[in-house]
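Residue-level structural notes
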Amino acid sequence: MKAISQFVVRVFDLIEAEGRDLRSVLRVEADRVHATLSHLAVGIAILLISVPLILAGLYLLAAGMLWWLETVVSRPAAAALAGVALLVAGISCFVVSKLLFLRRQS
């Protein structure tokens, strides 16, 4: 009977010790998750602010380029050249982001 009671006491001591370790590990991981989520929230907020500003800047840049090109070539040619310039800029940004993403994965 004494052996069984010692076994039960040791099992519960082990459960208590493992519980403390588990609690401390969970606390550390929860802090890490909290920090990561807060950084993610700040990044998303900055992204939501920057996207409209970038789009407005691109629109104004394209309008300025179009107005300048209208003095040099005809209006349709100016619109085509401005469109091509924006497409090249957009595609190059896409390619750069794809290359950065692929480099981070490997």
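Scroll up a little and you will see the structure.
Owing to the predicted nature of the structure, the values given are computational and were not obtained by experimental measurement.

1. Considering the overall build of the chain
Each helix and strand in the chain was counted, giving 2 helices and 0 strands. By the compact-globule yardstick of 13 Å for 106 residues, the chain is too spread out, its C-alpha radius of gyration being 30 Å. Considering only C-alpha atoms, the chain reaches an extent of 105 × 30 × 15 Å along its principal axes. The buried share of the chain, taken over its 106 residues, is 5%. Per element, the accessible surface of the chain, about 9,300 Å² overall, is 75% carbon and sulfur.

2. Thoughts on a nonpolar patch on the surface
A contiguous nonpolar patch, built from Leu47, Val51, Ile54, Leu55, Leu58, Leu61 and Leu86 and spanning about 630 Å² of accessible area, is present on the exposed surface. Ranked by residues supplied to the nonpolar patch, first place goes to helix H1 (residues 2-72) with 6 residues. Residue position: Leu86 is located in helix H2 (residues 75-105).

3. Quick word on the environment of Gly83
Along the chain, Gly83 turns up in helix H2. When its relative accessible area of 30% is taken as the criterion, Gly83 is described as partly exposed. Along the backbone, Gly83 and Met65 are 18 residues apart, and their C-alpha atoms lie at a distance of 9.9 Å.

Cut-offs used in this document
- Residues numbered from 1 in each chain as written.
- Predicted model: local features only at pLDDT ≥ 70, side-chain atom pairs only at ≥ 80, totals over all residues.
- Heavy atoms only, no water.
- Helix = DSSP H or I, 4+ residues; strand = E, 2+ residues; numbered from the N terminus.
- Rg over C-alpha atoms; globule rule 2.2 N^0.38 Å.
- Buried < 20%, exposed > 50% of the residue type's maximum accessible area, 1.4 Å probe, protein only.
- Areas by Shrake-Rupley, 256 points an atom, 1.4 Å probe, with all protein chains shown as cover.
- Patch = residues over 30% accessible without salt bridge, like charges linked within 9 Å, V, L, I, M, F, W, Y side chains within 5 Å.
- Salt bridge = Lys/Arg side-chain N within 4 Å of Asp/Glu carboxyl O.

Keep in mind these values describe shape, not function.
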